[in-house]
Each structure stands twice: as structure tokens, then as C-alpha cells.
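# Residue-level structural notes
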Amino acid sequence: ETGVTQTPRHLVMGMTNKKSLKCEQHLGHNAMYWYKQSAKKPLELMFVYNFKEQTENNSVPSRFSPECPNSSHLFLHLHTLQPEDSALYLCASKLRGGTEGEKLFFGSGTQLSVL
Amino acid sequence: GESVGLHLPTLSVQEGDNSIINCAYSNSASDYFIWYKQESGKGPQFIIDIRSNMDKRQGQRVTVLLNKTVKHLSLQIAATQPGDSAVYFCAENIRSGGGADGLTFGKGTHLIIQP
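Note that the coordinates shown come from a computational prediction; the quantities given were computed from them, not determined experimentally.

This part is about the nonpolar core. Grouped together as the largest cluster of nonpolar side chains are 22 residues, with contacts concentrated most on Trp34, Phe64, Leu76 and Leu78 of chain A. Looking at this core, the elements with two or more residues in it are strand 2 (10–13), strand 3 (18–25), strand 4 (31–37), strand 5 (44–50), strand 7 (64–70), strand 8 (73–79), strand 9 (87–94) and strand 11 (110–114) of chain A. Among residues more than four places away in sequence, those in contact with Leu76 of chain A are Lys19, Ser20, Leu21, Trp34, Met46, Phe47, Phe64, Ser65, Pro66 and Tyr89 of chain A. Core analysis: the second largest hydrophobic core is formed by 20 residues, Ile48, Val62, Leu73 and Ile113 of chain B among them.

So, in C-alpha cells, the structure goes:
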């Protein structure tokens, strides 16, 4: 276990549904990330939060809405998604300013299928 | 465009042999590099990292080599085992000149261990 837990592990939703992905880290980290992993493509950075403040939005469509209520929890709210949004969504965290450098710790991801 | 890339999408080696996975990067401002391993159904797991002021770093059965002259990074795995079967990603972080927070990933090499 990496100390980063994502739920649910799998999610199937229609294009008109609203759902949320959850991430929790038990590592005492202060930065959290959402990445998208599609087949045959590199991991794509979506959002970055430092100390609960969003510092990066990598041109992500507004149908993806992140929320970071505290430094241990991160959500990704989904609404009116498209089939091309089907992918593995990975949460990661790190200790900014610590001794671990730029190392990210990843959760196991949520495999999302949009029908 | 993609800043970090890999030469081969798939690499097949015999169990017990050494394997070398290569990665090319294009941004000379990158000062930190990291290798991740991703097994089926799991998120990426840290293997080894290296800063740009080093040429080589060794871990347990793994060695990372950095050639800044040709912007090339490699991961060497000694005496490969069945458990080494996975997709391996290189990633970089750019400290200077702005740019996105978080790591930029390559597409990945699928390492297959033949019995």
C-alpha cells in the first residue's frame, strides 16, 4: 500500500450522471494531484493542490471539478462527461519541501467508463 | 508536445537476464528524473530517482543512468524476475523557467519477462 487510497476502484456512468471520485492520503503530505491515464498515452496532469489551494489547472474542461477540503482529502466531481473521458484517474500526493524530493505517491486509481 | 519519451513500447527479456529501458527527454531545464513501475490494476510505484547533478544512481537490482549531453535516461534491471513484468515510465520535473507543477511522464515501456 502506498498510503494513498482512491474510491471507487471502478465506475460506470452515463453522460448525464453526476458522480465524484475520492482520494485520501495518510502520509502527512501537503500537495495533492489528479492525473488522467488513457490507453497508449502518457499520464496527463489535470489539477494540483498545495496546502488545499489549487495552483494548477492544466486546461481541463469544466465538466471536471476538483475539491480539496483539507490537505488529506481530494475529490473530483464529474458531470455531463463524454465517452472520450473514459480513462484511469489517478490521485497522487507528495510532501512539498520535504526530503523526498519530487517523488509522487500514487493511489491505485479509479477506472472510469462513460457510456 | 510531449517532453519525455521512450524508445520502445514493448521489451521482452528472458528471466534472469538484465534489461535496459531507455528514455529520451527534450527539455534541458529538467533537473530531476524518476522511474515508476506500474503493474496491472495498480497505480505507478516509485522505483528510483536521480537529480541532474548526478550521472548514475544505484538501488536494489536497479540502476539509473543520466546522460545530459544527449538528454538520455535509462533504467537497468539486473537479473530480471517474473515480478518485474510491468509498464515502466520515466518522468521529469522542471524547476527553473516556470512550467507546470508535478511530473511530466513519457508513454511507458511494457517489460515482458519470458520464462
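As a further point, take the state of the cysteines. Residues and elements named next belong to chain A. Taken as a whole and assessed by the stated rule, the structure comprises 2 disulfides over all chains. The disulfide bridge from Cys23 ends at Cys91, spanning 1.9 Å between sulfur atoms. In this structure, the disulfide formed by Cys23 and Cys91 twists by about -75° around the S-S bond and is classed as left-handed. Here Cys91 lies in strand 9 and Cys23 lies in strand 3, a separation of 68 residues in the sequence. Here Cys91 falls in the buried class, since its relative accessible area comes to 0%. Unpaired in this structure, Cys68 has its nearest cysteine sulfur neighbour in Cys91, at a distance of 9.0 Å.

Cut-off values and rules
- Residues numbered from 1 in each chain as written.
- Chains lettered and ligands numbered in written order.
- Predicted model: local features only at pLDDT ≥ 70, side-chain atom pairs only at ≥ 80, totals over all residues.
- Heavy atoms only, no water.
- Core = buried A, V, L, I, M, F, W, Y, C linked by side-chain atoms within 4.5 Å.
- Buried < 20%, exposed > 50% of the residue type's maximum accessible area, 1.4 Å probe, protein only.
- Helix = DSSP H or I, 4+ residues; strand = E, 2+ residues; numbered from the N terminus.
- Contact = heavy atoms within 4.5 Å.
- Disulfide = S-S within 2.5 Å.

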